[in-house]
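# Structure assessment
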Amino acid sequence: QVQLVESGGGLVQAGGSLRLACAASGRAFTSYTMAWFRQAPGKEREFSVGIRWSGVNTYYADSEKGRFTISRDIAKNTVYLQMNSLKHEDPAVYYCAAAEYGSGSSYSPQSYERWGQGTQVNVSS
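All figures in this text were calculated on a predicted structure; none of them were measured in a lab. (Residues numbered from 1 in each chain as written. Predicted model: local features only at pLDDT ≥ 70, side-chain atom pairs only at ≥ 80, totals over all residues. Heavy atoms only, no water.)

## A look at the pairing of strand 4 (residues 32-39)
Burial analysis of strand 4 places 7 of its 8 residues in the buried class, which makes it a mostly covered element. In this sheet, strand 9 (residues 92-100) lies alongside strand 4 in antiparallel orientation, the contact comprising 8 bridges. Note that in strand 9 the partner of Tyr-32 across the bridge is Glu-100. Where strand 4 and strand 5 (residues 46-51) come together, 5 bridges link them in antiparallel fashion. Across the sheet, Phe-37 pairs through a bridge with Phe-47, a residue of strand 5. Connecting strand 4 to the antiparallel partner strand 5 that follows it, the hairpin turn spans 6 residues, and Gly-42 within it adopts a positive phi of roughly 80°. (Buried < 20%, exposed > 50% of the residue type's maximum accessible area, 1.4 Å probe, protein only. Helix = DSSP H or I, 4+ residues; strand = E, 2+ residues; numbered from the N terminus. Pairing = 2+ DSSP bridges.)

## What about the sheet that holds strand 1 (residues 3-7)?
Read from one edge of the open sheet, 4 strands run 1-3-8-7, paired in antiparallel fashion. With partners counted over all chains shown, the strands left at the sheet margins are strand 1 and strand 7 (68-73), one partner each. Strand-to-strand twist of the sheet, defined as the mean angle between neighbouring strand axes without regard to direction, takes the value 20°. Two strands pair when backbone bridges link them, and strand 1 and strand 3 (residues 18-25) are joined in this way by 5 bridges, in the antiparallel orientation. Following the sheet pairing, Glu-6 is matched in strand 3 by Cys-22. (Axes fitted to C-alpha atoms, helices over the stretch in contact; angles between N-to-C directions.)

Here is the structure:
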């Protein structure tokens, strides 16, 4: 099975940008649909963005459309989350998730069987 390790979290000013990375190891990277979820204190884990295992389709939560971009580098077995125009409601622990041959269109955490440890994103005024 694939193992996931996130990096790139930190503190950024409102309106700024941050890029998260999720390095995958183990089984064939290209057979996994990858997604980013986030979880703020006291809230449920929610879907942010996803990219289907084929790399053809991407999916975005409404609040992320136009601000966040998911991409992947097959040679590096890494998925990226580029976050622009960060807002005060964006702080959370961001988790990378993988689903083998997942559809990508499911926004439920239960659809993903592998998870990273998470990386914290904070936004300052």
